[in-house]
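A structural walkthrough
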Amino acid sequence: MIRTEQQNGIYVVTADNPPVNALSNGVREGLAKAIADAGADPAVRAIVVACAGRTFFAGADIAEFTKGMQPPLPPDLCDMIEASEKPVVAAIHGTALGGGLEVALACHYRIAVPSAKLGQPEVKLGLLPGAGGTQRLPRVAGAELALKMIVLGDPIGAREAAEAGLVDRLAGEDRLLADAIAFAREIADARPLPRAGGRTASADPALFDTFRAANAKKLRGYDAPEACIEAVRAATTMPFREGLALERQLFLKLVMGEQSAALRHIFFAERTAGKIDGLPEGTTPLPVRKVGIVGAGTMGGGIAMNFLSAGVPVTIVEMKQEALDRGVATIRRNYEGNVARGRLTAEGLEKAMALLTPTLSYDDLADADLIIEAVFEDIGVKKDVFKKLDAVAKPGAILASNTSFLDVNEIAAVTARADHVLGLHFFSPANVMKLLEIVRGAKTAPAVLATAMAAAKAIRKVAVIAGVCHGFIGNRMLEQRQIEAVKLLMEGVTPQQIDKAHVDFGMPMGPFQMADLAGIDIGWHRDPQRIESITDALCAAGRLGQKAGKGFYDYDDQRRATPSAEAQAIIDDFAARSGAAKRAVGSEEILERTLYPMVNEGAKILDEGIAQRASDIDIVWIYGYGWPPYRGGPMFWADRVGLTKIVESLKKHGQPVAPALEAKAAKGERFNR
Ligand code: NAD
């Protein structure tokens, strides 16, 4: 894993641990030995630490967090490198991340190719850099940049790093090793060596509160960022050794805590989600060079943007010119928003728009490899569309439906290519939300599933395989939550109380805020005279949600919500007629009664094989609905709460208990191993 060679007094240490040169037990051991050997060899004047393959050390071996680490531990390795009497130069290409950047910081000098990226993403796993990074980075690059890198976990490019003094020199893109050796020769006799662990970093004491305030919304609910801030602050107030001790203490607390366990679970869950059960060996995805989309409404436009942004040409079909124009204008406006926010260049916008072909003719879909239907949620309409698509699409083209609830098998049955039909369920807004449910029909061919998975990756979605049922994974569980939330209204609990309990739990919004955002009229029968539910009454009163300026809440022109007397009167009227007893219900009970039924439905979804694995359900909720990542998804969370407790609570509140859940609880099993 570690190779060494001497070139005229320069000792070159090269790590080779594919794929990303993780700092595994073996790599650390080899590095420590190489540094010691170089120190003991009188012919060596300087040391270069480099990596083979596509990247510098891209971090620790995360699996070792649970399996255990052998000495030298990363902090000790870093101390040892920094203590070397011979100058050590880190030669960086690819990404120097986490423990990788900490090793580079322990080196006395850093040289990097311009394309390299440097970062401390530990916070994303609920941790902080635990090998001196919180103490060395502020001392080398200043507290302000250190805060940004350590607390937000976002990497920076080599040029920015060079400006900040984090990188001492930029190498030629294809000459890293030669330039590193030449640099090592230049500084071979420099004394004293620049040791990051020397002086205390200086910073304006107000910096930390300002940073906290500026990022409060983003960091809400997470433990690790605050620990990161505390550690970086220590680098500006404490001697190095004391700062290291504090870093260690904070790291150990985080690494053993619930949040990091949850975030590590998601890290692995996301990678596992891409595996499709039962795919024959050697199944290869089909090429997707052209995409067709039917319907340029809310979803069709967003779906189109995903492919356009990835450089795939899209033909989009509408029924009427007016709807088509509106859809195309919305796409452009959304891209313009990205340009305004600096996320896209003006050329990027035009490049994406140039790939879009708007049309009123289905015939223009004849050369598409993949056609995604996003028309009204109506089985009759969808069947008509699929009949037409089957007729115009070329042989071998894949036909997908973005349906939220409908039976994909029934849709597939109207075509002569049921093996090439599946669901591709995007989440709104489709150009933003990362989740894609790939709905596997009874006849969907393996290569079609593999194509969908590959296409998801190409447009940077996280995809999960779901089976056919009403609402698939996400919406099927959501429906249970909504039913229970409405029952709470009947007992006199207000929408505000219910929403607040969910927001305090960490959700971006509560059930009624979400209903208002999505539109209360989704699935409404559209007969204002027929009032059988609260939503019927709200719709009849024109309270369709945010788009109408009123729903469960009232909205001002900035879409800011205030409680609504009219909506409350409608709710009270239904509550009075329901005969449910009014009582005070606390936040804890609100959460139990709305979230445990979701877990119960999740157990059924697993038992029926609708989801391949519990961790896929967690991914659906995190990337599709904003479940707080630090709680690991509903199934991971349920394991932590305890399945027995959940079963008891469901029974206590007279809510259904799935046999699969009850059996699991009785056996003392968990959803996620
Ligand atoms: P929408 O009403 O905004 O858009 C539907 C568009 O389809 C309209 O512009 C309409 O003119 C067009 N259309 C209807 N029939 C057509 C036909 N035969 N040929 C061509 N165009 C036709 O609806 P939406 O919110 O984009 O929903 C579309 C689908 O996506 C539905 O199945 C819905 O359940 C699903 N979905 C919606 C959301 C959401 O939050 N809105 C999320 C996930 C999935």
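What you see is a predicted model, and the numbers here were worked out from it, not measured in a lab. (Residues numbered from 1 in each chain as written. Predicted model: local features only at pLDDT ≥ 70, side-chain atom pairs only at ≥ 80, totals over all residues. Heavy atoms only, no water.)

**Some points on unusual backbone geometry**
As a rule of thumb, non-glycine residues mostly have phi less than zero, and peptide bonds are mostly trans rather than cis. In this structure, Pro19 follows Pro18 across a cis peptide bond, with omega equal to 0°. One can find Pro19 in the loop between strand 2 (10–15) and helix 1 (25–40). Cis rather than trans, the peptide bond between Arg191 and Pro192 has omega equal to -5°. Positive phi values are uncommon outside glycine, yet Asn21 reaches one of about 55°. Summarising the element assignment, Asn21 is placed in the loop between strand 2 and helix 1. Phi is positive for Arg526, close to 70°, though the residue is something other than glycine. Along the chain, Arg526 falls in the loop between helix 22 (511–518) and helix 23 (534–540). (Helix = DSSP H or I, 4+ residues; strand = E, 2+ residues; numbered from the N terminus.)

**As for the sheet that holds strand 7 (residues 117–119)**
Sheet strands associate in pairs through backbone hydrogen bonding, adopting either a parallel or an antiparallel arrangement. Strand order in the open sheet formed by three strands is 5-7-8, with mixed pairing between adjacent strands. Each of the sheet's edge strands pairs with one partner strand only, and the pair in question is strand 5 (95–97) and strand 8 (156–157). Two strands pair when backbone bridges link them, and strand 7 and strand 8 are joined in this way by two bridges, in the antiparallel orientation. Bridge pairing in strand 8 links Lys117 to Gly157. Where helix 4 (residues 99–106) meets the sheet, its contacts fall on strand 5 and strand 7, and the angle it forms with strand 5 comes to roughly 90°. (Pairing = 2+ DSSP bridges. Contact = heavy atoms within 4.5 Å. Axes fitted to C-alpha atoms, helices over the stretch in contact; angles between N-to-C directions.)

**Focus: the domain arrangement of the protein**
The domain boundaries assigned to the protein delineate domain 1 (2–256), domain 2 (291–470) and domain 3 (492–578). Centre-to-centre, using C-alpha coordinates, domain 2 lies 30 Å away from domain 3. (Domains from an automatic or database assignment.)

**Points about the packing of helix 20 (residues 474–490) against helix 25 (residues 587–607)**
One way to put it is that helix 20 packs onto helix 25 with a least axis distance of 8 Å and a crossing angle of 150°. Judged by the inter-axis angle, helix 20 sits roughly antiparallel to helix 25. The two elements helix 20 and helix 25 meet at a crossing, and its hand is right-handed. Across the interface between the two elements, Arg476, Met477, Gln480, Arg481, Glu484, Ala485 and Leu488 from helix 20 touch Ile590, Arg593, Thr594, Leu595, Pro597, Met598, Glu601, Gly602, Lys604 and Ile605 from helix 25. When grouped by side-chain class, the residues that make up the contact of helix 20 with helix 25 number eight nonpolar, three polar and six charged. (Parallel < 35°, antiparallel > 145°, perpendicular 65-115°, else oblique. Left-handed = near helix turned anticlockwise from the far one by under 90°. Nonpolar A, V, L, I, M, F, W, Y, C, P; charged D, E, K, R; others polar.)

**Some points on the environment of Glu608**
Mapped onto the secondary structure, Glu608 falls in the loop between helix 25 and helix 26 (614–625). Assessed through its relative accessible area of 46%, Glu608 is described here as partly exposed. On a C-alpha basis, the gap between Glu608 and Ala178 in space is 59 Å, while along the polypeptide they are 430 residues apart. (Buried < 20%, exposed > 50% of the residue type's maximum accessible area, 1.4 Å probe, protein only.)

**Things to note about the packing of aromatic side chains**
For the structure on display, the rule yields twelve aromatic pairs. With centroids separated by 5.6 Å and ring planes inclined at 80°, the aromatic side chains of Tyr109 and Phe183 adopt a geometry described as edge-to-face. With Tyr109 in strand 6 (residues 109–112) and Phe183 in helix 8 (residues 176–187), this pair connects stretches of sequence that are 74 residues apart. Residue class for Tyr109 comes out buried when judged on its relative accessible area of 10%. Ring pairs connect the aromatic residues Phe427, Phe505, Tyr596, Trp621, Tyr625, Trp627 and Trp637, which therefore count as one cluster. The aromatic ring of Phe574 is capped on one face by Arg577, whose charged end is 4.7 Å from the ring centroid. Just above the ring of Phe505 sits the side chain of Arg631; from NZ or CZ to the centre is 4.2 Å. (Phe/Tyr/Trp six-rings, centres within 6.5 Å; stacked < 30°, edge-to-face > 60°. Lys NZ or Arg CZ within 6 Å of the ring centre and 35° of its normal.)

**Concerning the sheet that holds strand 13 (residues 370–373)**
With mixed pairing, eight strands are arranged side by side in an open sheet as 12-11-10-13-14-15-16-17. Across the chains shown, the open sheet's two edge strands, defined by having one partner strand only, are strand 12 (356–359) and strand 17 (462–467). For this sheet, the mean inter-axis angle between neighbouring strands, taken without regard to orientation, is 25°. Across four bridges, strand 10 (residues 291–294) lies against strand 13 in parallel orientation. Its bridge partner lying in strand 13, Val291 is registered against Leu370.

**Concerning the nonpolar core**
One finds Ile47, Val48, Phe57, Ile92, Leu118 and Leu166 to be the most contacted residues of the largest nonpolar core, which totals 87 residues. Per element, the largest residue contribution to this core is eight residues, and it comes from helix 6 (residues 143–152). Sequence-distant contacts of Leu118, defined by excluding residues within four places in its chain, comprise Ile92, Ala96, Leu97, Leu101, Met149, Pro155, Ile156, Gly157, Ala158, Ala161, Leu166 and Val167. The next biggest cluster of nonpolar side chains, apart from the first, holds 72 residues, and it includes Ile498, Ile520, Leu538 and Tyr553. (Core = buried A, V, L, I, M, F, W, Y, C linked by side-chain atoms within 4.5 Å.)

**Quick word on the packing of helix 15 (residues 321–340) against helix 16 (residues 346–354)**
Helix packing geometry: the angle between the two helix axes and the distance between the axes. With their axes 9 Å apart at the nearest point, helix 15 and helix 16 run at an angle of 160° to one another. Compared by their axis directions, helix 15 and helix 16 come out roughly antiparallel. Viewed along their axes, helix 15 and helix 16 form a crossing whose handedness is right-handed. Between helix 15 and helix 16, the contacting residues are Val328, Ile331, Arg332, Tyr335, Glu336 and Val339 on the first element and Ala346, Leu349, Glu350, Ala352 and Met353 on the second.

**A look at helix 21 (residues 495–505)**
For an α-helix the count is 3.6 residues per turn, leaving residues at separations of three or four pointing the same way. Among the residues making up helix 21, those that are buried are Pro495, Ile498, Asp499, Ala501, His502 and Phe505. Buried residues in helix 21, looked at end-on, bunch into an arc of 155°, giving them a common side. Structurally, helix 21 contributes buried residues whose contacts are with helix 20, helix 22, strand 18 (553–555), helix 24 (565–578), helix 25 and helix 27 (634–641). One or two steps after helix 21, the chain reaches Gly506, where phi turns positive at roughly 125°. (Arc of directions from axis to C-beta.)

**Examining the pairing of strand 3 (residues 46–51)**
In terms of residue burial, strand 3 counts as a mostly covered element, since six of its six residues are buried. Of the two faces of strand 3, the one lined by Ala46, Val48 and Ala50 and the one lined by Ile47, Val49 and Cys51 are each fully buried. As judged from the six bridges shared by strand 2 and strand 3, these two strands associate in the parallel manner. Among the inter-strand pairings, Val13 is bridged to a residue of strand 3, identified as Val49. Remark: the strand 2/helix 1/strand 3 crossover connection has right-handed handedness. Two strands pair when backbone bridges link them, and strand 3 and strand 4 (residues 88–92) are joined in this way by three bridges, in the parallel orientation. (Right-handed = clockwise from strand over helix to strand, strands pointing away.)

**Some words on the pattern of salt bridges**
Scanning the model with the defined rule gives 43 salt bridges in all. Between Arg476 and Glu608 there is a salt bridge, and its shortest N-O distance comes to 3.0 Å. Of the two residues, Arg476 sits in helix 20 while Glu608 sits in the loop between helix 25 and helix 26, which places them 132 residues apart along the sequence. Owing to a relative accessible area of 10%, Arg476 belongs among the buried residues under this scheme. (Salt bridge = Lys/Arg side-chain N within 4 Å of Asp/Glu carboxyl O.)

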